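An overview of the molecular structure
Read off the chains here:
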Amino acid sequence: MKTLPHLSVTLGAVLVASLVSSCGAGTEPAATNSATHSVTTQFDTVEVPDRIESVVVIDGRRDLDIALAFDLPIVGIPVETEAPPEIPGPLTEPTRILLAAGVPELYPRNTVDLEAIARVDPDLIIGRDEVVEEIYDQLSAIAPVLPVGSTGTGVSWQQDVASIGAALNRQDEARAIVDEYTTRVDELTTQYAASIADTAVLPVSTSENGGISIGRDRVTSIALEDVGARFGSAWTAATPEIEYGPENVTAASDAVAMIAAITSEKDLQAMNANPLWTGLPAVRNDRIVRTDKFTNDGGPLTALWTLRLVEQLYDPS
């Protein structure tokens, strides 16, 4: 199986170059800037500072991804307790740079500590809508809150980039972020047209006990759809998601190649212990591009990263 190498995309390169300086934006006294503008979200109308000095992200997935894409001065992030180190992901290096610059981890992911957020005194909070909704009043008492969606709530990362860009009065930058992805999709569609047409593919994730699941709403699936992928027959049953137990992984038998979210070595061992999995043509022929479940959702950095997975899928050399 192929282990994803460190990737470098245009947006990611800009981020790495700028993160250190932006992380320290609040370390020196800044002139007071009380100017704000009104922004209407799905929860409320809030007053967003014209000049953003400090941002906390709540969930650490799409909200962090988008904050990084806009090069916002992040002053607090969740502790990542779930992602093992086996596979570097699209947010691995940017997060490392944040931590090296002294940005604190405020609380374990999936557990919001309001007091910890208040201590870093952000002037803007960005968070996943499902999480923010439950504690909106408490969060908004600390700072204005801008929600972002998820694949689970049916909001695309492009919509979120547009809405955050509008909220920050940075619409041109938002369009450029989305256009970078669109341009790359067009390039891959043209460059690998023949392979795309001739190759039956599937995006899968490991599920319990060595099974697999297929979900149409995941970033990997959407990227494959965007390049016009020809899917294996199991794709049809994903409406929008389906899970196959270890005894039924042969549902993927007509896929020549797969992007497989196999997050940990333990998961990989469980899959490789199943002869039905190792007997699949894509596995036998080493046409598995491995990633982890944390590429299932995200923002523009994750989407660009995923397009590199797509490129590896169609160009295994």
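Parameters at a glance
- Residues numbered from 1 in each chain as written.
- Predicted model: local features only at pLDDT ≥ 70, side-chain atom pairs only at ≥ 80, totals over all residues.
- Heavy atoms only, no water.
- UniProt positions renumbered as here; feature names shortened; annotations may be inferred.
- Helix = DSSP H or I, 4+ residues; strand = E, 2+ residues; numbered from the N terminus.
- Buried < 20%, exposed > 50% of the residue type's maximum accessible area, 1.4 Å probe, protein only.
- Contact = heavy atoms within 4.5 Å.
- Areas by Shrake-Rupley, 256 points an atom, 1.4 Å probe, with all protein chains shown as cover.
- Core = buried A, V, L, I, M, F, W, Y, C linked by side-chain atoms within 4.5 Å.
- Pairing = 2+ DSSP bridges.

For the protein chain, the name recorded in an unreviewed UniProt entry is ABC transporter substrate-binding protein, with Rhodococcus navarretei as its organism. Here is the UniProt Subcellular location (unreviewed entry) comment for the protein chain, exactly as written: "Cell envelope". The UniProt entry for the protein chain carries this comment under Sequence similarities (unreviewed entry): "Belongs to the bacterial solute-binding protein 8 family."

The subject of this paragraph is the overall build of the protein chain. When helices and strands are tallied, the protein chain shows 14 helices and 13 strands. The proportion of buried residues among the 317 residues of the protein chain is 51%. Restricting the contact set of the protein chain to residue pairs at least 6 apart, pairs at least 24 apart contribute 70%. A total of about 13600 Å² of accessible surface is found on the protein chain, and carbon and sulfur atoms cover 49% of it.

Let's shift gears to the environment of Thr81. Considering the arrangement of structural elements, one finds Thr81 in the loop between β4 (74–79) and α3 (92–100). Through-space distance from the C-alpha of Thr81 to that of Arg109 is 6.5 Å; in sequence the pair is 28 residues apart. With residues up to four places along the chain from it excluded, the contact list for Thr81 reads Pro108 and Arg109.

With that settled, the discussion passes to the nonpolar core. One finds Leu146, Leu202, Leu224, Met258, Trp277 and Tyr314 to be the most contacted residues of the largest nonpolar core, which totals 89 residues. For this core, the element with the most residues is helix α14 (residues 300–314), which contributes nine residues. The residues contacting Met258, other than those within four sequence positions of it, are Leu202, Val204, Ala252, Trp277, Leu280, Ala282, Val283, Arg287, Ile288, Val289 and Leu313.

So, on to the pairing of strand β8 (residues 200–206). Along β8, six of the seven residues are buried, which leaves the element largely enclosed by surrounding structure. Pairing between β8 and strand β10 (residues 230–231): two bridges, direction parallel. Looking at the pairing, Ala200 lines up with Arg230 of β10. Across five bridges, the pairing between β8 and strand β12 (residues 257–261) is parallel. Across the sheet, the residue bridging to Leu202 is Met258, located in β12. Connecting β8 to the antiparallel partner strand β9 (residues 212–215) that follows it, the hairpin turn spans five residues, and Asn209 within it adopts a positive phi of roughly 60°.

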